[in-house]
Amino acid sequence: MSNALGNHILVEFMGCDPHIMNDVSSIERDMVDAALKAGATVINSTFHHFSPYGVSGVVVIQESHLAIHTWPEYGYAAVDLFTCGEMDAWISFDYLKECFGAKNYSALEMKRGAVQLLTRNDFDISSMRQKAGEWTNPEMYTRNVWFTDKDDNQALSLRYTGEVYYDVQSPFQRVRILESPKYGKLLTLDDMFMTTEKDEFHYHEMISHPAMFTHGNAKNILVIGGGDGGTVREFLRHDGVEKVTMVEIDGEVIKACKEHLPSIAASFDHPKLNLIVGDGIAFAKEAANEEFDLVIVDGSDPVGPAEGLFSVEFYRNCHRILKPGGILVAQGESPKFNEQAFTELNITLQHIFGKENAPVSLFFVPTYPTGMWSFQYGLKGSAQPKAISNDSEIEQFVSAKGLKYYNSDIHKASFALPNFVKTLING
Ligand code: SPD
């Protein structure tokens, strides 16, 4: 049994790569990964780059902290690894040594908080624990943990409660389900928000119903991605749909959502659903010509397993497997948060489907960075989504199914674009 509260390793890393020592983003990533590799629970991190050079930062972990100060001009980093409990901070040490390319190092390990020198206060632990558990309306926030979806310059953060229902590193990505006070349970993949209990309907109603009511007679639908199940749930609300094939690469996403987001993963047992855990890009490559009325790409952002969902070859196959009159809808990124991916995808779709046949719809998702998100279309026929005339049919459906975002006005309005977006896609 340990006779100290904590363990502190004071590290000198010397002969480090000076460019790495001046790169605040990569140092933050390395420090956070060093904590995770040692089994720590990361609470938060804050890092700062000094002018003209040097970086300081702290990763607060449930087990204490990791801190760093760098002097790039000397290839030097002073690192503190302060831990308590069973965590082995030497794992973090070894990892950082590699990341920084340190040629020399020294480390001084010391025990912190020798219990022989301390007097213990008797708190009423049970009432304090109960208070800490009342995260829904606490008098004070007992846990200040935030999940942040960001690029180098922009971010969206949500407070979560510290409750982690699912946390699995799949072969493709880190799959987590977290509890949040404001948006209910969150599905996150790596460091990105995917969906939340409270606002999922914005995305799932808008990826499905505009295409259904534009097409008018879609029976055979392919969904690529969409592992949370929200997209297929919406398509299966339409009685005329005969078959939905869903191809999701990561079985862990389906498992996590079935267990913890049942209101979203509500239709996985539907008799019209053919659920395949596999590679959607390969599926589209091997599918027969003109097989589907709708092809829906409900992928995540263009990093990791979803990168191929933004390639020209993939969309050529999507075009080939659509029937005449068929419609492609792809998760189109944000014209504000991810301007380049948004624009490049539209150029690809214009190239394959034709300039007039690649419209864009915009909709609002509070939990995606900047809130402004898009679906991008490829039309293999003449039906134009903004020129629909079946408003009363739509309104009947909306009210029968109790939809919360989509209606006939939103349908048409979502294809009206601000001038800066028109400029992005028209060059
Ligand atoms: N940054 C989020 C991009 C959207 C990813 N798809 C969400 C899945 C919802 N079914």
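Our structure's up above, just so we're on the same page.
A. A look at the side chain of D228. Within the secondary structure layout, D228 lies in the loop between strand 13 (220-225) and helix 6 (230-235). Polar side-chain contacts of D228 include one of 3.2 Å to the side chain of H204. Among the polar contacts listed, one links the side chain of D228 to the backbone nitrogen of G230, at a separation of 2.9 Å. Beyond its immediate stretch of four places on either side in the chain, D228 contacts L187, T195, H204, V253, C257, I264, A265 and F268.

B. View of a nonpolar patch on the surface. Judged by side-chain polarity, L5, V115, L117 and L118 come together as a nonpolar surface patch covering roughly 410 Å² of accessible area. Mapping V115 onto the fold places it in the loop between strand 6 (104-114) and helix 4 (125-133).

C. Seen up close, the nonpolar core. The biggest cluster of nonpolar side chains holds 62 residues, and the ones touching the most others in it are L187, I221, V244 and L294. With 29 residues, the next largest nonpolar core counts F13, F47, L81 and A102 among its residues.

D. Representation of the site of the ligand within the structure. F193, M194, Y203, H204, D228, D298, G299, S300, D301, Q331, Y368 and W373 make up every residue found near the ligand. Y203 places a side-chain nitrogen or oxygen 3.2 Å from a nitrogen atom of the ligand. In isolation the ligand exposes 340 Å². Once the protein is present, 97% of that is buried. Contributions of two or more residues to the shell around the ligand are made by strand 12 (192-196) and helix 5 (200-215). Residue composition of the shell around the ligand, by class: 5 nonpolar, 4 polar and 3 charged.

E. Structural context of the sheet that holds strand 12. The antiparallel open sheet is built from 4 strands, whose spatial order is 9-10-11-12. If you trace the sheet from one side to the other, it starts and ends with strand 9 (164-169) and strand 12, each paired once. Averaged over all pairs of adjacent strands, the angle between strand axes in this sheet comes to 25°, irrespective of strand direction. Bridge analysis of strand 9 against strand 10 (residues 174-180) gives 5 bridges, and the strand direction is antiparallel. Among the inter-strand pairings, V164 is bridged to a residue of strand 10, identified as L178. Relative to the sheet, helix 7 (residues 251-260) contacts strand 9, strand 10 and strand 11 (184-189), its axis offset from that of strand 9 by approximately 170°.

F. Highlighting the packing of aromatic side chains. For the structure shown, the criterion picks out 15 aromatic pairs. For the ring pair W90 and F93, a centre distance of 5.2 Å and an interplane angle of 70° mean the geometry is edge-to-face. Linking W90 with F93, this pair stays in helix 3 (residues 89-100), spanning 3 residues, or about one helical turn. Aromatic side chains F314 and Y315 sit 4.9 Å apart centroid to centroid with 70° between the ring planes, which places their arrangement in the edge-to-face category. By way of ring pairs, the aromatic residues F13, W90, F93, F100 and Y105 are connected into one cluster.

G. A look at unusual backbone geometry. Residue P52 is bonded to the preceding S51 through a cis peptide linkage, with omega at 0°. Relative to the assigned elements, P52 resides in the loop between strand 2 (42-49) and strand 3 (55-61). Phi angles above zero are rare outside glycine, and E333 is one such case at about 65°. Relative to the helices and strands, E333 resides in the loop between strand 17 (322-331) and helix 10 (339-353).

H. Focus on a negative patch on the surface. On the surface, D88, D94, E98 and E109 cluster together into a negatively charged patch. The residue D94 is located in helix 3 in this model. According to the relative accessible area criterion, D94 is partly exposed, its value standing at 41%.

What counts, and at which threshold
- Residues numbered from 1 in each chain as written.
- Predicted model: local features only at pLDDT ≥ 70, side-chain atom pairs only at ≥ 80, totals over all residues.
- Heavy atoms only, no water.
- Helix = DSSP H or I, 4+ residues; strand = E, 2+ residues; numbered from the N terminus.
- Polar contact = N/O pair within 3.5 Å; in protein donor to acceptor, adjacent residues only side chain to side chain.
- Contact = heavy atoms within 4.5 Å.
- Patch = residues over 30% accessible without salt bridge, like charges linked within 9 Å, V, L, I, M, F, W, Y side chains within 5 Å.
- Areas by Shrake-Rupley, 256 points an atom, 1.4 Å probe, with all protein chains shown as cover.
- Salt bridge = Lys/Arg side-chain N within 4 Å of Asp/Glu carboxyl O.
- Core = buried A, V, L, I, M, F, W, Y, C linked by side-chain atoms within 4.5 Å.
- Buried < 20%, exposed > 50% of the residue type's maximum accessible area, 1.4 Å probe, protein only.
- Near = heavy atom within 4 Å.
- Nonpolar A, V, L, I, M, F, W, Y, C, P; charged D, E, K, R; others polar.
- Pairing = 2+ DSSP bridges.
- Axes fitted to C-alpha atoms, helices over the stretch in contact; angles between N-to-C directions.
- Phe/Tyr/Trp six-rings, centres within 6.5 Å; stacked < 30°, edge-to-face > 60°.
- Lys, Arg positive; Asp, Glu negative; His and termini not counted.
- Charge placed at Lys NZ, Arg CZ, Asp CG, Glu CD.

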